[in-house]
Amino acid sequence: MSTLIQEMATQLDIATRCHEATPQLSTQQPFDLATAYRIQQAGISLRQQRGERVVGLKLGFTSRAKMIQMGVDALIWGELTDAMQIADGGRLDLSKLIHPRVEPEIAFITACDIDRPLSLAEAGLALAGVAPALEIIDSRYRDFRFSLQDVVADNCSSARYVLGPLCAPDSALDNLGVVLRFDGRPVQIGSSAAILGQPLRALVEISRLLHQEQRVLPAGSLILAGAATAAEALRPGLHVSVEVAGLGCCAFNTG
Ligand code: OOG
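Below is a short write-up of the structure. Computed from a prediction, not measured in an experiment: that's the story for all the values here. (Residues numbered from 1 in each chain as written. Predicted model: local features only at pLDDT ≥ 70, side-chain atom pairs only at ≥ 80, totals over all residues. Heavy atoms only, no water.)

### Re empty space enclosed by the protein
So, point 1. This model, assessed by the stated rule, comprises 2 cavities of 30 Å³ or more.
So, point 2. Approximately 150 Å³ is the volume attributed to the largest cavity.
So, point 3. Of all elements in the fold, only α1 (2-18) and α3 (33-49) reach the threshold of two or more residues within the lining of the largest cavity.
So, point 4. For the lining of the largest cavity, a count of residues per class yields 6 nonpolar, 5 polar and 4 charged.
So, point 5. If you add up the space inside the second largest cavity, you get close to 130 Å³.
So, point 6. K58, F61, K66, E103 and C156 are, among the 18 residues lining the second largest cavity, the residues nearest its centre.
So, point 7. Of all elements in the fold, only β1 (54-60), α4 (64-70), β5 (101-110) and β6 (127-137) reach the threshold of two or more residues within the lining of the second largest cavity. (1 Å grid on protein atoms, 1.4 Å probe; cavity = no way out; pocket = protein on both sides within 12 Å on 5 of 7 lines; lining within 4 Å. Points joined across faces, edges and corners; volume = space filled by probe spheres on them. Helix = DSSP H or I, 4+ residues; strand = E, 2+ residues; numbered from the N terminus. Nonpolar A, V, L, I, M, F, W, Y, C, P; charged D, E, K, R; others polar.)

What follows is the structure, encoded as C-alpha cells:
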C-alpha cells in the first residue's frame, strides 16, 4: 500500500508542478479517508524535500456555501507552506496554475502550542492575531471534480494564499461582513458567521483533529478557517480584494 500512496502523491505532485489536470485518483483505485490523509502527507513530504516549510493548516468545507458548490459535506484539513504565500498587493501568476479559484477567508495566527482539544473560549485565548485573507484553490483534478477522498489526497486543493494586516484578537468575530471584489465590483458577499457559525470554531475543530492525530501545532502557526462564500474562478488581468468588516482588506492582481 505504501508504494501506491507514494505513486498517488507523485501523480498529484506532477500535476501541480506541470499545471496539468489529472484524473481523480479514486477512479483508478478506491481508497479510504485515512489513506487519503497519508497521500496528502506524502505530497507534503515531497514539497519539504524541495525546501518548502509547513507554516500552518487550512480547513475546508466549513461553510454550507462551499459544501453545496462542491457537493462534499465533511470538514477536511490540509497543510500550508511558506511557498504558497503571495504578498498582500502582489501578483498571482496564473500560468503556473490549472483552473484557479479564489475564496474570501479569515486567518488566525496562534499564540501558543496547541496540543489538546480546545473549547471555544480557549480558542479565543489561543490567538496571537487575526487577519483578512484570500485563498487561491486549484484542484489538480480535471474539471475541478472530486470525491472527499480525492480532495483530501490533493491537500484540499491548496495552491496560494494572501494575508492582510494582522489585527489584535480582541474583537468579536462571529458576524463580520465579508466582500470579495473583482476590479472593485462585489462578486461574493457573506458573513464570517458562514464559517461554522463562528470562525473561531475552525480552531476548535483543528485542535480536536490534531489531538486525534497526536500532533502538536506550534505557536505562531497560520490557520485558514475556510471560505465564507462560494469560490470564484480567476482570469488574467484582475484586481482581487477581500474586505472583512472590522479587520480590513487584502488584495492581489492576476497576471
Ligand atoms: C476544496 C477546498 C475547500 C474551503 O475553504 O472550503 C476550501 C475545494 O473546494 O476545492 O478550501
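Still to come is the rest of the account.
### Remarks on the packing of aromatic side chains
Each aromatic ring pair is described using two quantities: the centre-to-centre distance and the angle formed by the ring planes.
So, point 1. Enumeration over the complete set of coordinates arrives at 2 aromatic pairs.
So, point 2. Their ring planes at 45 degrees and their centres at 6.0 Å tell us that Y37 and W77 sit as a pair that is tilted. Of this pair, Y37 sits in helix α3 while W77 is found in strand β2 (residues 76-81), placing the two residues 40 residues apart along the sequence. Both residues of the pair, Y37 and W77, count as buried. (Phe/Tyr/Trp six-rings, centres within 6.5 Å; stacked < 30°, edge-to-face > 60°. Buried < 20%, exposed > 50% of the residue type's maximum accessible area, 1.4 Å probe, protein only.)

### Some thoughts on the site of the ligand
So, point 1. What surrounds the ligand is a group of 17 residues, the closest being K58, F61, K66, S157 and A227.
So, point 2. For the ligand, an oxygen atom lies 2.8 Å from a polar atom in the backbone of F61.
So, point 3. At a separation of 3.0 Å, an oxygen atom of the ligand approaches a polar side-chain atom of E103.
So, point 4. For the ligand, the protein covers 100% of the area, taking 310 Å² as the surface of the free molecule.
So, point 5. In this structure, the ligand is accommodated by the second largest cavity.
So, point 6. When residues of the shell around the ligand are traced back to their parent elements, those giving at least two are β1, α4, β5 and β6.
So, point 7. The element best represented in the shell around the ligand is β1, accounting for 3 residues.
So, point 8. The residue inventory of the shell around the ligand, partitioned by class, reads 9 nonpolar, 3 polar and 5 charged. (Near = heavy atom within 4 Å. Polar contact = N/O pair within 3.5 Å; in protein donor to acceptor, adjacent residues only side chain to side chain. Areas by Shrake-Rupley, 256 points an atom, 1.4 Å probe, with all protein chains shown as cover. Sits in = over half its atoms within 2 Å of the grid points.)

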